[in-house]
Amino acid sequence: MPEIRPFTFPSTIGLSEGVISPDVEKLQEFLQHFGYLRIASASEEFSAVRTAANPPDANLGSFDEATAEALRDFQQFHGLPATGVLDEATVVQMSRPRCGFPDIPTQQGVSDFVAQGNRWNRTDLTYGFQEFTPELTQQQVRDAIAAALNLWSQVTPLNFTEVLLASNPDFVIRFVAGDHGDGSPFDGVGRVLAHAFYPPPNGGAIAGDAHFDEAETWTVNIPVPAGGIDLITVAAHEFGHSLGLAHSSVAGALMFPTYSGPQRFLAQDDIDGIRSIYGTRGRFTITNGNVGNFAGWAATSGVRVITGDFNGNGRTDIALVRQEAGWQTIPIASSNGNGTFAITNGNVGNFAGWAATSGVRVITGDFNGNGRTDIALVRQEAGWQTIPIASSNGNGTFAITNGNVGDFAGWAATSGVRVITGDFNGNGRTDIALVRQEAGWQTIPIASSNGNGTFAITNSNVGDFAVWAATSGVRVITGDFNGNGRTDIALVRQEAGWQTIPIAFSNGDGTFTITNSNVGDFAVWAATSGVRVITGDFNGNGRTDIALVRQEAGWQTIPIAFSNGDGTFTITNGNVGNFAVWAATSGVRVITGDFDGNGRTDIALVRQEAGWQTIPIASSNGNGTFTITNSNVGDFAVWAATSGVQVTTGDFNGNGRTDIALVRQTAGWATIPVAFSAA
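Peer 1: Which parts of the structure should I look at to understand helix α6 (residues 231–242)?
Peer 2: Every α-helix winds through 3.6 residues per turn, so residues three or four apart in the chain are directed the same way. Helix length check: α6 (twelve residues) gives 16 Å between terminal C-alpha atoms against 16 Å at 1.5 Å per residue, within 8%. Within α6, twelve of the twelve residues are buried, which leaves it mostly tucked inside the rest of the structure. Every buried residue of α6 is accounted for by Leu-231, Ile-232, Thr-233, Val-234, Ala-235, Ala-236, His-237, Glu-238, Phe-239, Gly-240, His-241 and Ser-242. Count one or two residues on from α6 and you reach Gly-244, which has phi positive near 120 degrees.

Peer 1: I'm lost on the layout of surface pockets in this one. Help?
Peer 2: Here the idea is plain: a probe the size of a water molecule rolls over the atoms and shows the empty space left. A volume near 1800 Å³ is recorded for the largest pocket. Looking at the largest pocket, it is lined by 38 residues, and the ones nearest its centre are Thr-307, Thr-364, Thr-535, Thr-592 and Thr-649. Counting residues per element, the ones that place at least two in the lining of the largest pocket are β10 (303–308), β14 (360–365), β18 (417–422), β22 (474–479), β26 (531–536), β30 (588–593) and β34 (645–650). Taken as a whole, the second largest pocket holds about 520 Å³ of empty space. Around the second largest pocket sit 17 residues that line it, and Ile-222, Arg-264, Asn-539, Arg-600 and Asn-621 are the ones nearest its centre. Counting residues per element, the lining of the second largest pocket draws most heavily on helix α5 (residues 138–154), which supplies four residues.

Peer 1: Help me out: how do you make sense of the sheet that holds strand β6 (residues 210–213) in this one?
Peer 2: One key point about sheets: their strands pair by backbone hydrogen bonds, in either a parallel or an antiparallel sense. Strand order in the open sheet formed by six strands is β1-β5-β6-β4-β2-β3, with mixed pairing between adjacent strands. Strands with a single pairing partner mark the edges of an open sheet, and in this sheet they are β1 (98–99) and β3 (159–162). Examined bridge by bridge, strand β5 (residues 192–196) and β6 share three bridges and lie antiparallel to one another. Looking across to β6, one finds that Ala-194 is bridged to Phe-212.

Peer 1: Looking at this model, I keep getting lost on the pairing of strand β36 (residues 671–677). Mind explaining?
Peer 2: Looking along a regular strand, one sees side chains alternate from face to face of the sheet. Most of β36 sits inside the fold, with seven of its seven residues counted as buried. Burial along β36 is two-sided: the residues Thr-671, Pro-673, Ala-675 and Ser-677 and Ile-672, Val-674 and Phe-676 are all buried. With seven bridges joining them, strand β9 (residues 284–290) and β36 adopt antiparallel strand pairing. Its bridge partner being in β36, Thr-285 is matched across the sheet by Phe-676. As judged from the two bridges shared by strand β35 (residues 659–664) and β36, these two strands associate in the antiparallel manner. Bridge assignment links Ile-660 to a residue of β36, and that residue is Ala-675.

Peer 1: What should I look at first to understand the pattern of salt bridges in this one?
Peer 2: If the charged atoms of two oppositely charged side chains come close together, the side chains can form a pair. What the rule picks out here adds up to twelve salt bridges. The salt bridge involving Arg-98 is made with Asp-103; its shortest N-O contact spans 2.6 Å. Its relative accessible area of 0% is what places Asp-103 among the buried residues. We note a salt bridge from Arg-550 to Glu-552, for which the minimum N-O separation is 3.5 Å.

About the thresholds
- Residues numbered from 1 in each chain as written.
- Predicted model: local features only at pLDDT ≥ 70, side-chain atom pairs only at ≥ 80, totals over all residues.
- Heavy atoms only, no water.
- Helix = DSSP H or I, 4+ residues; strand = E, 2+ residues; numbered from the N terminus.
- Expected span 1.5 Å × (residues − 1).
- Buried < 20%, exposed > 50% of the residue type's maximum accessible area, 1.4 Å probe, protein only.
- 1 Å grid on protein atoms, 1.4 Å probe; cavity = no way out; pocket = protein on both sides within 12 Å on 5 of 7 lines; lining within 4 Å.
- Points joined across faces, edges and corners; volume = space filled by probe spheres on them.
- Pairing = 2+ DSSP bridges.
- Salt bridge = Lys/Arg side-chain N within 4 Å of Asp/Glu carboxyl O.

Spelled out as structure tokens, the structure:
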């Protein structure tokens, strides 16, 4: 059988109706290949897909009315003036690297075949590799394909598993060049990058398969090297076809036909399309495990609910510290990972009395660096010279220390002082710092944990930073803004007047390097009424970023200041649609966490007033945009709106995703409901 030649791309500017020439044939072959035209004498790869749009019939070589109509359809689909003339802008668009799948211009994202059963009839799908590309290791290819499929899995009930080729996978993945036996040969470097086939019955034996042009330089690196093509982006696009999506005419959608560089996220148009086929993944699994006496203890007056990994097993537990007299213990509900808890109530002796002392602040951290959460007490009234620590033994008991900290205790009791925690020297142990938000200080004292209940005290000058911290309306936040493993301190002013975000970068020895970089409009947005300042790693690069969620009506966006690591920030202001309205609803609590386990911080809303049945989540795409879900959580929404309920977050099953738990601090419950994040 002779090799099927690839079509050629048109390049003759100015072709219009009435012209007869070989250049017109090139234009017609291009329009036919991508579903805009039908030529009886031409080959028919993807024939079932092309005929679905009922394209006009043309005479080969003649720029007739059908060809002009097809060209106008192409121009309109790609956002160009629909002139019907092959102008320069159209030639440029036609020459862009792209998917080889037809556009089907009469569709708006979802294939005609969806209504005809052209979808997978199950949600657990498999994939396997027939060939790999030699430019990447097999593991790099496997990781890239898994990441691409995960984009679709996150927003649907679909699950994907790699299997051997002998197991007859649903998707066969191939890296091939030229004519590779499917009737649609690749064309070498550039232009057509890959193609894929719809679910059965379309495609026959190759239904769902995805083929990648081996002539391309595939990469998984960001930034993409010169001449490289991001495999994750292209693969995610092709798998959209494998799942039943057509090309989208929405610029910015992953399913737009052309490749413009890495885009490792789904646009809302992509999400709407795929969900119209497969529906929405339930984001949470709800449990409501009985915790016996723990529920009554939580409802006792003066109790502070705290969370942490008190036994070091990777799951979040819940502890209670009473700040009124009467207890001698610290109850812990240690998570079993399935919605049940193991309850302990270990005696802590004098620590319980110290916790009930007036002016005491309860803080948590890993003060000895053993991977278990400990509890410390800092008194913010005069009278103490120590910082008591209850170091967790991992079995519900604690080792109590009460180390002298000298002047630090007096500084902590100074008016206007904010107590903050973090690992300021990067040694894996939690330290305690003091930032005064009233005038008078020029320093930031730090009590660096020695790991044995004692502290090394420093009190270094931070110059103007101390003055800025004492400015009205300033919010003190902590994080690792340069990604070096040490905790830094930043200031965000929530009153008008600033254009900057000052940062005190920890040098690890009690001193700080101060920056004060301009953030433009972000400073104005932060000073807007009703704005909540939140922190997290919204792009997953290991540096702390700052986001703003407005809890009053008027915004449609979530601004983010992405840390560049040097005190400057890259500002985005992505539209989040209804999520902004939901955030402004009365009684809503804004919480953060990695709800899909992809290493990026997401934002969730829990309403603590009656009326909702869902938990909306804005899952970060890593570039300042968010994917919005609003999954039904049934009774959990009612429980969250119950009086006296405290919303807590953590990884209660140790799977790397953030979950949400409810602890009621008024009488009446015997359980702790948990919403385990499913994706």
